Amino acid sequence: MAHINQNFLKLPGGYLFPEIGRRVRAFSAQNPPMPLIRLGIGDVTQPLAPAVVDAMVKASREMGVKETFRGYCEETCCAYDFLRFAIRDSYRERGVDIADDEIFVSDGAKSDCGSIGDIFSADNVVAVCDPVYPVYVDTNAMAGRAGDYDGEKWTNLVYLPCTAENGFFPELPRERVPDLIYICSPNNPTGAAATCDQLKTWVDYANAHGSVILFDSAYEAYISEEGIPHSIFEVEGAKTCAIEFRSFSKSAGFTGTRCAYTVIPKELVREGASLNALWSRRQGTKFNGVPYVVQRGAEAVFSPEGRAQTRAAVDYYRNNARVIQEGLTAAGLTVYGGVNAPYLWVRTPNNTPSWDFFDLLLKQACVVTTPGAGFGPSGEGYIRVTAFGDAEATREAVRRITSVL
């Protein structure tokens, strides 16, 4: 008889966003009084930039001609040189020297954040910020690193509370020393962004203990304040302790196109093994690369036209964030984030449980948000609101929310 991975049976219920979808579908079947406005899942609404579309159309035509047809990508790291070089040069513009063979192109930061555990032992101690993007937790639970779920937390994970009191940035752990440390900045879901000094504290800690920081910077394009690093590799010492995940999804509207990249410096070595080489081996075995057409589209993001056009889309979402922040604050709610990130972290009124407030907004305002409790124990008492909606719909959502408070 085939035996299953028993760790899957320990997972509580379903993944957060499918559960939200289930509740929304059930409500929709009851003929809601108004059209739903979705500000829950962080999916973009603006189309791909014209420069990206043009590049993909051209690449598609190349695929229809024998002389320019492309099959398997046989170049380094399952990525074409033209895209890796463009990514490398974008880092160098910020003063960060990354080699092209330290860049691994993939179909999404979510995939890489979950799959990176393949190169680490199952007995590593994992630390996660709390609240946290659920993928970090669930994938480590599937791998057997999380222990058992006690109804609130996983017994083997080190939770790093990120609260209003500490500015939504974690303090160093005082008891167990984690081997793998997930940090997301700008943060999903709180919208907080770490300073260089804050990250330097964790880099020094990781280097001192031999830990590895798994740094998710998928939202770096939304940083608007000076002094906030866009990459952990802007911090001295990070190349010997950090892996960085980046994505075109929210910065260039690739949520349905799928392209991202992970950077693993060759200086990053543990137990005498290069983590760059291990990830290259893993990707070469389990992954055949992102399609040529998509990689050409991603390359166009770094062109002058592509940068201007994608920046305009980012600014569009930033304005949505401002509308949400100002509107909900004026209505008496406490709102965090939205300045360096496309997410707003909103405290529920009168200590209302987050799922209850989610249901209230769904049923009375026909607005879909995300309950903070779905991101971990410290997320209770909050909801996450995304700025990725249509501008007019976002203004209407704010009006509806304020009308039911």
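Residues numbered from 1 in each chain as written. Predicted model: local features only at pLDDT ≥ 70, side-chain atom pairs only at ≥ 80, totals over all residues. Heavy atoms only, no water.

### A few points about the packing of helix α2 (residues 50–62) against helix α9 (residues 292–301)
Then comes step 1: Where α2 contacts α9, the axes come no closer than 8 Å and their chain directions differ by 150 degrees. As summarised for this structure, α2 and α9 are arranged roughly antiparallel, according to the angle between their axes. For α2 against α9, the interelement crossing comes out right-handed. Along the contact surface, α2 presents Ala51, Val52, Ala55, Met56, Ala59, Ser60 and Glu62, while α9 presents Tyr292, Val293, Val294, Arg296, Gly297, Ala300 and Val301.
Then comes step 2: The residue makeup of the contact of α2 with α9, split by class, is 10 nonpolar, 2 polar and 2 charged. (Axes fitted to C-alpha atoms, helices over the stretch in contact; angles between N-to-C directions. Helix = DSSP H or I, 4+ residues; strand = E, 2+ residues; numbered from the N terminus. Parallel < 35°, antiparallel > 145°, perpendicular 65-115°, else oblique. Left-handed = near helix turned anticlockwise from the far one by under 90°. Contact = heavy atoms within 4.5 Å. Nonpolar A, V, L, I, M, F, W, Y, C, P; charged D, E, K, R; others polar.)

### Observations regarding the sheet that holds strand β11 (residues 335–337)
Then comes step 1: One open sheet holds the 4 strands; their spatial order is β11-β12-β15-β14, and the pairing between them is antiparallel. Bordering the open sheet on either side are β11 and β14 (370–371), each of which pairs with just one other strand.
Then comes step 2: Both β14 and strand β15 (residues 382–386) contribute to a ladder of 2 bridges, which runs antiparallel. Among the inter-strand pairings, Thr370 is bridged to a residue of β15, identified as Arg384. (Pairing = 2+ DSSP bridges.)

### Some remarks on the pairing of strand β12 (residues 343–347)
Then comes step 1: Within β12, 4 of the 5 residues are buried, which leaves the element mostly enclosed by the surrounding structure.
Then comes step 2: Bridging between β11 and β12 involves 3 bridges; their strand directions are antiparallel. Counted as the bridge partner of Tyr336 is Trp345 from β12.
Then comes step 3: Linking two consecutive strands that pair antiparallel, namely β11 and β12, is a turn of 5 residues; a positive phi of about 80 degrees is found at Gly338 within it.
Then comes step 4: Bridge count for β12 against β15 is 5 bridges, and the pairing is antiparallel. By the bridge assignment, Tyr343 is partnered in β15 with Thr386. (Buried < 20%, exposed > 50% of the residue type's maximum accessible area, 1.4 Å probe, protein only.)

### Focus on the side chain of Arg282
Then comes step 1: Tracing the chain through its elements places Arg282 in helix α8 (residues 275–286).
Then comes step 2: Excluding its chain neighbours within four sequence positions, the residues that come into contact with Arg282 are Ser115, Asp118, Ile119 and Phe287.

Honestly, it's all geometry; don't read function into it.
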